[in-house]
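Spelled out from the first residue to the last, the chains are:
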Amino acid sequence: MPAHPSGFQPSAADLHHVIEVRGARENNLADISLDLPKRRLTVFTGVSGSGKSSLVFGTIAAEAQRLINETYTAFVQSFMPSMGRPDVDALRNLSAAIIVDQERMGANSRSTVGTATDAYTMLRIVFSRLGTPHIGTSSAFSFNSAEGMCPACEGLGQVSEIDVDQLVDRGRSLEEGAITVPNFAVGSWYWQVMAGSGFFPAGKKLKDFSEREWQDFLHKPATKVKEATLNTTYEGLVTKVRRLYLGKDRDALQPHIRAFVDRAVTFTGCRACDGTRLSAAALSSTIDGVNIAQCSAMQISDLAAFLRQVEDPSVAPLLANLRHLLDSLVEIGLGYLSLDRPVGTLSGGEAQRVKMVRHLGSSLSDVTYVFDEPTVGLHPHDIQRMNDLLLRLRDKGNTVLVVEHKPEVITIADHVVDLGPGAGTDGGRICYSGDVAGLRASGTLTGRYLGHRARLRERVRTPRGTLAIEGADRHNLRDVRVDIPLGVLTVVTGVAGSGKSSLIHGYVAGREGVAVADQSPIRGSRRSNPATYTGLLGPVRTAFAKANGVKAALFSANSEGACPHCHGIGLVYTDLAMMAGVASVCEECQGKRFTPKVLTYKLRGKDISEVLAMSVAQAYDFFPTGQAHAILGRLGDVGLGYLRLGQPLNTLSGGERQRLKLAIHMNEKATTYVLDEPTTGLHMADVDQLLALLDRLVDHGNTVIVIEHHQAVMAHADWIVDLGPGAGHDGGRVVFTGTPAELVAKGETLTARHLREYVEG
């Protein structure tokens, strides 16, 4: 063994230079074994559903986290999520894993970029020391503390107002159904309490109520009432609606109630604090004439410049840390954000980059960092910066594992693991493991596509009209006027933060006949799956019922046929008091979700649980005609043929969620489709399939508008709208409109430069 360069003699500790994976079988992994070099950058590639996430997140990262959690006491573990051991024979030489994923950061309305990164915490301390007049400790500047928050809006920056005319029809009496709120229909329990309260006549039209009756009807606080048939608590309608529906997380509400809340409630900026969330005292304290709310509202790049002018020995170390943090946010391409930006409004890619910043300044080494498509939401111009950050983390002595499809990232890898060859049951095997040069020569799908280039269209389609946007000034848009051509494929591009989403989601998405397929979470419980979400379960249940002469409700795991032990979930969740809860497969139904009786009913030799275990592609062949066949065909068209019909929706990636929504919209009579980065999670070979699908949509007479950074999609477009020239207040303008060929030939924008390099190969 050669001598160590520092003079230390090598020891047994130096032999642990690879992570050994042996017999991994999680999800679709086919009993695979491999070695991954430590302190190197390894990129995992393969088509959607090939098993990349199952290997990287479901096996390696999951076991590393589980082993660390096991070192804590039972008491501490009780506050952690439960983690089962991955299905793998052995994992050796693991180091602590830090997962930097695209999960949206909690949509808590009190959480901002400033609070999530600790930048606002540091800024509060600076103001508590240097602000004049001096108003107290740092908590006096916190909108999450009683002393710092605006009392009128309680630190939220906005107040909710209820539109009474969305709750009632004033021309009717209660007996005639004057209340239009969900669950208040005539005869319902809530209605009975209102009508029998005695505070107003149930037969009197609301418009004829006296002032007192109107106040009691709408705003009376909780009051005990005792009538002949009633012994309960009465509260006014507005009071009750606030308690029932507004006190809960909007996303947890049922869809019809959420739609009602969206109609009935308007949020307006708080007049007392002008939306800043802070008390008058906090707003009165300034540094160089600027208060903390103005600092929070600045673009981060501007705030960094402002703080470079602030000098004071009493907070010098803190200021240095804050400046470093802000500079890191700028460096990672987030300089266009502001500290007061709610984290719930960040995209998945932005959320991932905010999380990254927390690790860049860390002194830890020999850690395993795990990234899930870190280039999501990044313009080609920004990908180079992301690559530099990944290499910096590696060069500090860390193991960096990246799931990624972009050739620009694959080519900087020290080691590549290519999974496949296909998706689902056709995937889960290692097609290649080695360096990039070997991948190019390997003949695998990824190797062949590494140098693949989509060509510019030879002939662009002719628009049949335009959709005009005028005076767009949302967020950073600068009074934008632009015409989006109808009947063609338009790609809207520009660096992250240039205003693409503000323009399209703000001025196109709400129009009639526009269907939006984005990557936001599908709010379903753990019971929801592709079969229930797409409406496929209806015709499937009907087919089973018809074939067996029984009722369709038996074939729903949410209804009569559900296993009574696990209530149709297939898993039993056990609360172990001080220990972490455990999810285990239901012993009664073996995870099949239905009663034994239901499983005796067959359709062409298969029971309902076997059908729900099929992939979309298998089910497409199993149901050769009818509504089920049509729905499954659309799921196959959007590249989801590998998904299992009964797969819980909360296991889907952002890209898969978007394609699932697109499949549903394809059955609607939409004339304009808006897609937000549909290439997310797609292998280079799958992007070609997506382009063919977009072409089909346009050729059927639709307009397709795509917000996208992928050069293959830009090259394939009929028309390009490029925003910029930069991000934040350096963006918000249309810097080019025209065909891709015109952009390549004479464009001078960042997009033009990168598209030119792409098509010239």
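Residues numbered from 1 in each chain as written. Predicted model: local features only at pLDDT ≥ 70, side-chain atom pairs only at ≥ 80, totals over all residues. Heavy atoms only, no water.

**Observations concerning the sheet that holds strand β25 (residues 733-738)**
So, step 1. Taken together, 6 strands build an open sheet; the order of strands is β19-β22-β23-β18-β24-β25 and the sheet is mixed. In this open sheet, the two strands that pair with only one neighbour each are β19 (514-517) and β25. Across the sheet, the mean angle from the axis of one strand to that of its neighbour is 15 degrees, orientation sign disregarded.
So, step 2. With 4 bridges joining them, strand β18 (residues 489-493) and strand β23 (residues 703-707) adopt parallel strand pairing. Looking at β23, one finds that Val492 is bridged to Ile707.
So, step 3. Helix α24 (residues 654-665) rests against β19 and β22 (672-676) of the sheet, and its axis sits at about 155 degrees to β19. (Pairing = 2+ DSSP bridges. Helix = DSSP H or I, 4+ residues; strand = E, 2+ residues; numbered from the N terminus. Axes fitted to C-alpha atoms, helices over the stretch in contact; angles between N-to-C directions. Contact = heavy atoms within 4.5 Å.)

**With respect to empty space enclosed by the protein**
So, step 1. Applying the stated criterion to the full structure yields 2 cavities of 30 Å³ or more.
So, step 2. Within this model, the largest cavity holds a volume of roughly 100 Å³.
So, step 3. Surrounding the largest cavity, 16 residues form its lining, Glu373, Lys406, Thr679, Leu682 and His710 being those nearest its centre.
So, step 4. Grouping the amino acids of the lining of the largest cavity by side-chain chemistry returns 5 nonpolar, 6 polar and 5 charged.
So, step 5. Considering only enclosed or pocket space, the second largest cavity measures out at about 60 Å³ in volume.
So, step 6. If you go around the second largest cavity, the residues you meet are Arg527, Asn529, Ala531, Thr532, Leu537, Ser556, Ala557, Asn558, Arg593, Phe594 and Leu612.
So, step 7. Each residue belonging to the lining of the second largest cavity can be placed in one class, and the counts come to 5 nonpolar, 4 polar and 2 charged. (1 Å grid on protein atoms, 1.4 Å probe; cavity = no way out; pocket = protein on both sides within 12 Å on 5 of 7 lines; lining within 4 Å. Points joined across faces, edges and corners; volume = space filled by probe spheres on them. Nonpolar A, V, L, I, M, F, W, Y, C, P; charged D, E, K, R; others polar.)

**So, the pattern of salt bridges**
So, step 1. Per the stated rule, a full pass over the model turns up 35 salt bridges.
So, step 2. Salt-bridge contacts for Arg39 lead to Asp366; the nearest nitrogen and oxygen are separated by 2.7 Å. Placement of Arg39 in the loop between β2 (32-37) and β3 (41-45) and of Asp366 in the loop between α13 (348-360) and β12 (368-372) is noted, with a sequence separation of 327 residues between them.
So, step 3. For Arg392, the salt bridge is made with Glu331, and the minimal N-O distance between the two is 2.6 Å. With Arg392 in helix α14 (residues 380-395) and Glu331 in helix α12 (residues 316-331), the pair connects residues that are 61 residues apart, well separated along the chain.
So, step 4. Three or more residues are tied together by salt bridges with common partners; here these are Arg457, Arg461, Asp695, Asp699 and Asp718. (Salt bridge = Lys/Arg side-chain N within 4 Å of Asp/Glu carboxyl O.)

**A few points about the nonpolar core**
So, step 1. In terms of nonpolar packing, the biggest core is built from 72 residues, with Leu123, Leu307, Leu326, Met356 and Phe371 touching the most fellow members.
So, step 2. Ranked by the residues each element gives to this core, the list is headed by helix α4 (residues 119-130), at 7 residues.
So, step 3. Residue contacts for Leu326: discarding those within four places in its chain leaves Ala119, Ile300, Leu303, Ala304, Leu307 and Leu339.
So, step 4. Listed in part, the 69 residues of the second largest apolar core include Phe555, Leu645, Val706 and Met714. (Core = buried A, V, L, I, M, F, W, Y, C linked by side-chain atoms within 4.5 Å. Buried < 20%, exposed > 50% of the residue type's maximum accessible area, 1.4 Å probe, protein only.)

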